[in-house]
Amino acid sequence: MTKDSTEVLRVNAAGILAKVDAPGTVDRVIAALRGDEAMRVLYLTAVASRVLGLPWALATQLAQGAAVPGPDATSKLAEELRNPHDAAARWCSAILLHRAGASGREPVRAAVADALGVETAPENLRAMAALLAGADPITTTAERHR
């Protein structure tokens, strides 16, 4: 996931590891996504494409910072915060929701409240708290809170 390989291989490895029910492993995946922009953009693209049903090119623009397209997209991303199968997708959804300025919207707050009740990965808990606070989940790390 972090060694000399293409971003596609790094994302594939991260995607496998993000589905393992082990908080320490998930935290390492999220740390890799946070620190590797090419990998993060590709993972964000994949999540945006799958969750929002967007063509790859549009999902890539969204992953690179374009505006999230409307309230329906916000609701779908909020629902992804509840996805029990992919911890990195939950983290990516928090990023996309933050970028959309949607943290104060009721569907987002409700999804975060639900997710906080079941989330086991400290990095995702941190991302959810950042989302509620209107802070960027990418720059909210454990080191900043010590």
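Residues numbered from 1 in each chain as written. Predicted model: local features only at pLDDT ≥ 70, side-chain atom pairs only at ≥ 80, totals over all residues. Heavy atoms only, no water.

Scanning the chain from terminus to terminus reveals eight helices and zero strands. The linear arrangement of helices and strands in the chain, starting from the amino end, is α-α-α-α-α-α-α-α. Its C-alpha atoms give the chain a radius of gyration of 14 Å, near enough to 15 Å, the size a compact globule of 146 residues would have. Across its three principal directions, the C-alpha atoms of the chain cover 40 × 35 × 25 Å. Here the chain, with 146 residues, has 47% of them falling under the buried criterion. Intrachain contacts of the chain at a sequence separation of at least 6 include 61% that bridge at least 24 residues. As presented, the chain carries roughly 7100 Å² of accessible surface, and 56% of it is formed by carbon and sulfur atoms. When the 16 positive and 16 negative side-chain charges of the chain are each reduced to one mean point, those points stand 2 Å apart. (Helix = DSSP H or I, 4+ residues; strand = E, 2+ residues; numbered from the N terminus. Rg over C-alpha atoms; globule rule 2.2 N^0.38 Å. Buried < 20%, exposed > 50% of the residue type's maximum accessible area, 1.4 Å probe, protein only. Contact = heavy atoms within 4.5 Å. Areas by Shrake-Rupley, 256 points an atom, 1.4 Å probe, with all protein chains shown as cover. Lys, Arg positive; Asp, Glu negative; His and termini not counted. Charge placed at Lys NZ, Arg CZ, Asp CG, Glu CD.)

All right, on to the pattern of salt bridges then. One pass over the full model with this rule turns up nine salt bridges. We note a salt bridge from Lys 19 to Asp 86, for which the minimum N-O separation is 3.2 Å. Taken together, the residues Lys 19 in the loop between α1 (7–17) and α2 (23–35) and Asp 86 in the loop between α5 (70–80) and α6 (87–99) connect sequence positions 67 residues apart. For Asp 86, a relative accessible area of 8% translates into the label buried. One salt bridge connects Arg 82 with Asp 114, and the closest N-O pair in it is separated by 2.7 Å. Here Arg 82 is found in the loop between α5 and α6, whereas its partner Asp 114 is found in helix α7 (residues 106–118), with 32 residues between them in sequence. Accessibility expressed as a relative area gives 42% for Asp 114, which makes it partly exposed. Overlapping salt bridges bring together Arg 34, Glu 123 and Arg 126 as one network. (Salt bridge = Lys/Arg side-chain N within 4 Å of Asp/Glu carboxyl O.)

Across soluble globular proteins, nonpolar side chains have a tendency to be buried as a group. Grouped together as the largest cluster of nonpolar side chains are 45 residues, with contacts concentrated most on Tyr 43, Leu 81, Trp 91 and Leu 97. For this core, the secondary structure elements donating two or more residues are α1, α2, α3 (37–52), α4 (56–63), α5, α6, α7 and α8 (122–133). (Core = buried A, V, L, I, M, F, W, Y, C linked by side-chain atoms within 4.5 Å.)

This is a description of form; function is not addressed.
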